[in-house]
Amino acid sequence: MSREVLSSVVMPIAGEDDVVLVRRRVRDLAQAQGFDAFATAAVTTAASELARNALVHGKGGRATVRELNEDGRAGLSIQFQDQGPGIADLERALAGGYSTARSLGLGLSGARRLVDEFDIDSAPGRGTMASITKWKRLY
Amino acid sequence: MNRETRTPLKLDDAELRSRRAYFEINDEDLERLASLRAFGQTHLDDIIESFYRFILEHHESRVFFADDTSVQRVKRLQKEYFLGLFSGVLDVRYVENRLRVGATHERIGMPLRIYLGAYALYLRLLLVKLGEEYEPSLAGMHFRSVQKLVYFDMSLAVDTYIASYVETLGRHQAAIRELSTPCIRVYDRVLLLPLVGTIDTQRAQQIMETVLVRVADEQARVVIVDIAGVPVVDTKVADHLLKTTAALRLIGAESILTGISPHVARTIVQLGVDISAMYTKSRLADGIELALSIVGKRITQVAP
């Protein structure tokens, strides 16, 4: 299996408008790659959650949006990097229903359920790197 | 600060240093420019006269100079600008002065291309004078220093234009936000809130305030929130909707959520958001029917 990166764009996340721009780009690319409406909504929403996390908890950062191709199958991957305080209890944050910002606390756990591949790396003082990948359905 | 001197930009020492480095303006350049001050003084009137002859010959630039008095006034300012090139000083005050010049031109509505064209004209006029006065290799070195500073000034001018456009854009966004939260009375004590576009924190707060005030004013019992026009419903949007529902309940009104598309429904479930606190209906028409039943009314078929 070979995974090919067709395009890669780095976008800053410094304000709420940037969150909107990131998810608009993700939605446009998903549609351009021929994702169905469910997959498009899923990857767009997951990107929205993680972009907002980078903004609210990570004090801003950047998103790298990549179009992928794996043996003819189209995919989309978005990597979020912030320089925030990091997540102290990653397990608890991923379990859902836990929030440090008086919100629903479902962002991370929800985003994970919406995509095909989910990867997160965080520790106090190191910031957070989260990466999601969604593949176009074959059937 | 009055309107005349207001600039939307600030450049601190560190930024100034890095910009200077990028334009490769070193102390040698500044010394060279300072040594050209006498040259600048000598040709000042000549260059400024040629400059305005050109500007007044061209319709697109002439329109910005109403009458002879204003031409005389800007000529005086232009001379100050011109001599500033040969001050040999490039500090925060210099930058502030240049930013102010840019902001003034932006404010009178001069397009950036006209403004940049004038800088190019400056360089052409200076090149001719330098060529007349100095032997070619020296003229070339002098010109290079002048060019660096003029391009530096141009970058500041472009920045003031962009900053001003961004500011305008922000004002328009605020205006659109205000316009985009209509709260419609569909029947006695029944309100409809059609949401369109992105719901960010600011807008969510404004929506909640608008609808709470309207519900209190009209003593409404039901608010139908239609989200057919909201492209992405993430946990933040869901959170806002739930908080609005809770606040509405406190003042005695129910909320009905309508316009949920199949893929939004599935996304909400996958996110794990529980919106059972709200009544939900897929279509707006069903929402209206439910709202009417809550206020004790019913839509019935009448004989034709």
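Now for a quick tour of the structure.

What counts and what doesn't
Residues numbered from 1 in each chain as written. Chains lettered and ligands numbered in written order. Predicted model: local features only at pLDDT ≥ 70, side-chain atom pairs only at ≥ 80, totals over all residues. Heavy atoms only, no water. Buried < 20%, exposed > 50% of the residue type's maximum accessible area, 1.4 Å probe, protein only. Helix = DSSP H or I, 4+ residues; strand = E, 2+ residues; numbered from the N terminus. Pairing = 2+ DSSP bridges. Right-handed = clockwise from strand over helix to strand, strands pointing away. Patch = residues over 30% accessible without salt bridge, like charges linked within 9 Å, V, L, I, M, F, W, Y side chains within 5 Å. Areas by Shrake-Rupley, 256 points an atom, 1.4 Å probe, with all protein chains shown as cover. Salt bridge = Lys/Arg side-chain N within 4 Å of Asp/Glu carboxyl O. Lys, Arg positive; Asp, Glu negative; His and termini not counted. Charge placed at Lys NZ, Arg CZ, Asp CG, Glu CD. Arc of directions from axis to C-beta. Phe/Tyr/Trp six-rings, centres within 6.5 Å; stacked < 30°, edge-to-face > 60°. Lys NZ or Arg CZ within 6 Å of the ring centre and 35° of its normal.

## A word on the pairing of strand β2 (residues 190-196) of chain B
Residue and element names in this part refer to chain B.
Step number 1: The buried fraction of β2 amounts to five of the seven residues, a majority that puts the element mostly inside the structure.
Step number 2: Two elements, strand β1 (residues 184-187) and β2, share three bridges in a ladder whose sense is antiparallel. Looking across to β2, one finds that Ile184 is bridged to Leu192.
Step number 3: Remark: two residues form the turn of the hairpin made by β1 and β2, two consecutive strands paired antiparallel; Arg189 in that turn has positive phi of roughly 65 degrees.
Step number 4: Of the strand pairs in this sheet, β2 and strand β3 (residues 222-229) are connected by six bridges, and their pairing is parallel. Bridge pairing in β3 links Val196 to Gly229.
Step number 5: In terms of handedness, the path from β2 via helix α9 (residues 201-218) over to β3 forms a crossover that is right-handed.

## Remarks on a negative patch on the surface
Step number 1: A contiguous patch of negative charge, built from Asp12(B), Asp13(B), Glu15(B), Asp91(B) and Glu96(B), is present on the exposed surface.
Step number 2: Note on placement: Glu15(B) falls in helix α1 (residues 13-22).

## Notes on helix α2 (residues 27-35) of chain B
All names here are of chain B.
Step number 1: Listed as buried for α2 are Asp29, Leu30, Arg32 and Leu33. For α2, the arc enclosing every buried residue in end-on projection is 160 degrees, short of the 170-degree limit, so these residues lie on one face. Residues of α2 that are exposed and point over 90 degrees away from its buried face: Glu28, Glu31 and Ser35.

## Re the packing of aromatic side chains
All names here are of chain B.
Step number 1: Applying the stated rule across the entire model yields 14 aromatic pairs over all chains.
Step number 2: Plain terms: the ring middles of Phe23 and Phe152 are 5.8 Å apart, the flat faces sit at 80 degrees to each other, and that makes the pair edge-to-face. With Phe23 in the loop between α1 and α2 and Phe152 in helix α8 (residues 136-179), this pair connects stretches of sequence that are 129 residues apart.
Step number 3: Centre to centre, the rings of Tyr81 and Tyr119 are 6.3 Å apart; their planes meet at 70 degrees, and the pair counts as edge-to-face. Here the residue Tyr81 occupies a position in helix α5 (residues 68-84), and Tyr119 occupies one in helix α7 (residues 112-133), the gap between them amounting to 38 residues.
Step number 4: Residue classification places Tyr81 among the buried residues on the basis of a relative accessible area of 8%.
Step number 5: Taking the ring centre of Phe54 as reference, the NZ or CZ of Arg124 above it sits at 5.8 Å.

As far as function goes, none of this settles anything; it's purely spatial.
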